[in-house]
Amino acid sequence: MKKRTIVKKVKYIFVTGGVLSSLGKGIAASSIGSLLECSDLKITILKLDPYINVDPGTMNPFQHGEVYVTDDGAETDLDLGHYERFTNAKMRRANNITAGRIYHNVIQKERKGEYLGATVQVIPHITDEIKNHIRSVGKSGVDVVICEIGGTVGDIESLPFLEAIRQFRFDVKPKDVLYVHLTLVPYIKTSDELKTKPTQHSVQKLREIGIQPDVLLCRTERKLSNSIKEKIALFCSVEETSVITAMDVASIYEVPLSLEKEGLCKIILKKLGMKPTQPNLERWQTINQILIKPEKEVRIGIVGKYVDLKESYKSLTEALIHGGVGNNARVIFNWIDAEDLEKENGQVLLAKSDGILVPGGFGDRGIEGKINAVQYSREKKVPFFGICLGMHCAAIEFARHVANLKNANSSEFSKTSPYLVIDLLPDQDSTGDKGGTMRLGEYPCQLRKNSNAYKAYGKREIEERHRHRYEFNNMYRIQMEEAGLVFSGLSPNGNLVEIIELTDHPWFLAGQFHPEFKSSPMIPHPLFRDFVSSSLKYKNNNYK
Ligand code: GLN
């Protein structure tokens, strides 16, 4: 008998933003995703970024915030981090596409003659490329694709994307597409009123392009009264029940609950012609109870380079918050500029921390300060967690001060050091040239039994995400091991050092990978959870 393949009907939700940036479109898209998952639907989320960079890998963290890395090694926009933290959707390269990538694809096709000599234009060629990409993501076996459009309505750059999503409704059935628009309803103190005009203008801008929003998420610091909702509904041609108060909340993890208070999930499902169900939000409720009223508190010193720009450490700070949730504790961040630790008496800045973390980074600024932080943690037996560059600093510190390798360094920072304990590895696939390419994405790692790493994960085989060029130099493995360093995580063939630890210390662990990319409030990453719990023990003098 001929096998019948059932083609799943996929629904598409497009999330746009207006009035100004930073209203939390990524969190809104993630929260919608979570609400749908809590209603037993399978979702994925896609981010369309209107800038010309082909991917965000080389973008300055000062301008763009963190580069988020997926399992398949894509360097993506930080919103993908929110998507993975809020939902079970696994992000891959295809979940983030930029205007640069779209144009690049179209130009390549044109060069290959695929347009048969036609004049290649924004409409239909660029818009077709965008729509094909959205559709391809819809083929991943999901019920709903949520698609966030970066930027703000009215930006020149966003136009091809907005045009593509306008057309999209007519390519599929109108009922299969929903437009959600996030806007601002500011509160004006002097007149004690909420103002709807920015929202009206923003929706007008959308409608000029031909998109009539179905749902408005109105970011506001005061609850929208019925009369305000009525007014917005009237001016924007949106049903009054679909004007949603998107209230400012203390934690991003409160957003799904806050939106659901307005009945968002049912409204979305109904409009998409799906069975409206009540999402099960128990797990969000538990997380929020801890976040609002934790039993304990712990201070973590973060020794970094971009301490003024917290967006560049987004996944890291979130993972620490999750580690706190896992211990019923609030994590207070003690941001320490690494360069300040290079000054005389700089160490006093570390004194208030119950645990010290040296995160990933690039370039030599503040390196000696980070190494000082490692030395302090090691000698004073303060729990220490090193991530990527933080592991390099830990290895260098140990080499210099314990293994007698004076002036040890990484070849990223020194050309003259006699002991390059961190170095570029010869490229394994080539002729032995010094490899300069990044190790990106998920790699397996085997853990040594009885190590802190093994205790945290509770298993021998793990996979973690990487983004770095330099590695531990195996030439120094025996010497450092003899001096007391434990190599508790190695690549399966034993060639790459993935985790180092100390034994005569309550919790000193540094990894070559970025565990922060795999943490979520529902499942705090085991290393962050254990780092926070050992910091809590340190705080309570349990180690002294
Ligand atoms: N700069 C270091 C390297 O390239 C570490 C990178 C990181 O911390 N992500 O190897």
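Everything numeric here is computed off the predicted structure, so don't read it as measured data.

1. Quick look at the site of the ligand
Then, number 1: Around the ligand, the structure places Gly 360, Gly 361, Phe 362, Cys 388, Leu 389, His 392, Glu 412, Arg 467, His 468, Arg 469, Tyr 470 and His 514.
Then, number 2: Measuring from an oxygen atom of the ligand, one finds a backbone N or O atom of Gly 361 at 2.9 Å.
Then, number 3: At a separation of 3.0 Å, an oxygen atom of the ligand approaches a polar backbone atom of Leu 389.
Then, number 4: Contributing elements (two or more residues each) for the shell around the ligand: helix 14 (389-401) and strand 19 (461-468).
Then, number 5: Residues that form the shell around the ligand fall into these classes: four nonpolar, five polar and three charged.

2. Things to note about the layout of surface pockets
Left-over empty space is what a probe sized like a water molecule reveals as it rolls over the atoms.
Then, number 1: Estimated volume of the largest pocket: approximately 1100 Å³.
Then, number 2: Forming the walls of the largest pocket are 43 residues, and the residues nearest its centre are Ser 22, Leu 23, Gly 24, Lys 25 and Asp 79.
Then, number 3: Looking at the lining of the largest pocket, the elements that each hand over two or more residues are helix 1 (25-37), strand 2 (43-49), helix 2 (61-64), helix 3 (79-86), strand 10 (215-220), strand 11 (243-247) and helix 9 (255-261).
Then, number 4: Of all the elements, helix 1 adds the most residues to the lining of the largest pocket, at four residues.
Then, number 5: Estimates place the volume of the second largest pocket at around 730 Å³.

3. Here we look at empty space enclosed by the protein
Then, number 1: Following the criterion strictly, the structure yields one cavity of 30 Å³ or more and no others.
Then, number 2: Around the largest cavity, the lining residues are Thr 16, Gly 17, Ile 149, Gly 150, Gly 151, Thr 152, Val 153, Ser 158 and Leu 162.

4. Examining the sheet that holds strand 17 (residues 420-424)
Then, number 1: One open sheet holds the three strands; their spatial order is 16-17-20, and the pairing between them is mixed. Edge positions in the sheet fall to strand 16 (409-410) and strand 20 (470-472), since each of these pairs with one other strand and no more.
Then, number 2: Pairing of strand 17 with strand 20 involves three bridges; the strand directions are antiparallel. Of the residues in strand 20, the one forming a bridge with Asp 423 is Glu 471.
Then, number 3: The strands touched by helix 14 are strand 16, strand 17 and strand 20; relative to strand 17, the strand with the most contacts, the crossing angle is about 150 degrees.

5. Digging into the state of the cysteines
Then, number 1: Applying the stated rule across the entire model yields zero disulfides.
Then, number 2: Not part of a disulfide, Cys 38 finds its nearest cysteine sulfur in Cys 265, a span of 8.1 Å.
Then, number 3: Taking the relative accessible area as the measure of exposure, Cys 38 reaches 19% and is therefore buried.
Then, number 4: Summary of cysteine pairing: Cys 218 is not part of a disulfide, and the nearest cysteine sulfur, belonging to Cys 236, is at 7.9 Å.

6. So, the confidence of the model for the protein
Then, number 1: Per-chain confidence: the protein averages 93 in pLDDT, with 94% of residues scoring 70 or above.
Then, number 2: Below pLDDT 50 for its whole length, residues 428-435 participates in 13 contacts with residues either more than four positions away or in separate chains.

7. Topic: the pairing of strand 19
Then, number 1: Of all eight residues that make up strand 19, six are buried, and the element is covered over most of its length.
Then, number 2: Where strand 18 (residues 439-447) and strand 19 come together, eight bridges link them in antiparallel fashion. Among the inter-strand pairings, Arg 439 is bridged to a residue of strand 19, identified as His 468.

Calculation criteria
Residues numbered from 1 in each chain as written. Predicted model: local features only at pLDDT ≥ 70, side-chain atom pairs only at ≥ 80, totals over all residues. Heavy atoms only, no water. Near = heavy atom within 4 Å. Polar contact = N/O pair within 3.5 Å; in protein donor to acceptor, adjacent residues only side chain to side chain. Helix = DSSP H or I, 4+ residues; strand = E, 2+ residues; numbered from the N terminus. Nonpolar A, V, L, I, M, F, W, Y, C, P; charged D, E, K, R; others polar. 1 Å grid on protein atoms, 1.4 Å probe; cavity = no way out; pocket = protein on both sides within 12 Å on 5 of 7 lines; lining within 4 Å. Points joined across faces, edges and corners; volume = space filled by probe spheres on them. Pairing = 2+ DSSP bridges. Contact = heavy atoms within 4.5 Å. Axes fitted to C-alpha atoms, helices over the stretch in contact; angles between N-to-C directions. Disulfide = S-S within 2.5 Å. Buried < 20%, exposed > 50% of the residue type's maximum accessible area, 1.4 Å probe, protein only. pLDDT = per-residue confidence, 0-100.

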